[in-house]
Amino acid sequence: MDALELLGHPVRLRIVHAMRGGHTMTTAQVCERISDVSKATVYRHIDLLAAGGILEVADEQRVRGAVERHYRLRHDRATIGPDVIDSLTLDDHRRGFAVAMAALIAEFNAYLERDHADPAADLVGYRQHAIWLSRDELLEMIGRMREAIAPKLANPPTPERSQYMLSPVLFPLEEAARPLHDEVSRHQGEVR
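Not measured: the values here are computed from a predicted model.

(A) How the structure looks around the overall build of the chain. A tally of helices and strands in the chain yields eight helices and three strands. Counted from the first residue to the last, the chain has its helices and strands arranged as α-α-β-α-α-β-β-α-α-α-α. A globule of 192 residues ought to have a C-alpha radius of gyration of about 16 Å, yet the chain, at 22 Å, is considerably larger. By principal-axis analysis of the C-alpha atoms, the chain measures approximately 90 × 40 × 30 Å. Looking at the chain as a whole, 19% of its 192 residues qualify as buried. In the chain, of all internal contacts separated by at least 6 residues, the share reaching a separation of at least 24 is 58%.

(B) Molecular detail of the pairing of strand β3 (residues 66-73). Taken together, the three bridges between strand β1 (residues 24-26) and β3 define a ladder with antiparallel strand orientation. Considered in β3, the bridge of Thr26 is made with His70. Two elements, strand β2 (residues 55-63) and β3, share eight bridges in a ladder whose sense is antiparallel. Paired with Gln61 across the two strands is Glu68, which belongs to β3.

(C) Representation of the nonpolar core in the model. Counting 19 residues, the largest nonpolar core has Ile15, Met19, Val30, Ile54 and Leu55 as the members making the most contacts within it. Mapped by element, the contributors of at least two residues to this core are α1 (3-7), α2 (10-19), α3 (27-33), α4 (39-51) and β3. Among residues more than four places away in sequence, those in contact with Val30 are Ile15, Met19, Met25, Val42 and Ile46.

Cut-offs applied
- Residues numbered from 1 in each chain as written.
- Predicted model: local features only at pLDDT ≥ 70, side-chain atom pairs only at ≥ 80, totals over all residues.
- Heavy atoms only, no water.
- Helix = DSSP H or I, 4+ residues; strand = E, 2+ residues; numbered from the N terminus.
- Rg over C-alpha atoms; globule rule 2.2 N^0.38 Å.
- Buried < 20%, exposed > 50% of the residue type's maximum accessible area, 1.4 Å probe, protein only.
- Contact = heavy atoms within 4.5 Å.
- Pairing = 2+ DSSP bridges.
- Core = buried A, V, L, I, M, F, W, Y, C linked by side-chain atoms within 4.5 Å.

Okay, structure coming up:
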């Protein structure tokens with residue numbers, strides 16, 4: 001399986017999210033983190049991610065006669081590059097978006113199931129805004145978002161930090177209006 005296929009499953013995507021930020025985790029620890037998914041399913045998907053090179057064994061220890069593996073995420077393998085994104089079909093995008101949303105919903109439900117979930121205190125947000133942007137304004141906004149987010153992606157886990165899920169979703173709600181001169185030209189052509 002290639003990275004696109006491996007990351008194209010909600011459970012595998014949740015495992016990747018759990019492993020981000022420099023975590024090394026055993027399969028049992030991942031099962032604790034994704035407790036709403038059966039252990040057998042988590043084990044199977046970790047095996048697939050490891051076989052596909054997205055996870056690697058960071059350490060092995062003998063525990064009661066069995067080998068316990070600590071896995072870490074290979075960030076270089078856990079991304080979909082621009083060349084692959086450019087080659088995706090509309091159906092590929094449709095499936096990828098559905099997987100991302102399914103993983104996001106599952107993560108949010110798992111958060112709400114915690115004993116001490118407090119969306120107000122945790123500053124949970126899921127606002128949506130419909131904004132009008134030119135292409136230049138859109139590129140500027142994306143650039144500023146990257147400037148704000150990218151440095152935080154390298155933050156290691158510390159006792160003061162909590163891991164947050166940030167899922168920017170951006171797509172046009174309607175096609176850009178045609179320039180007025182194109183509309184006028186089209187109507188003039190119809191009259192002739």
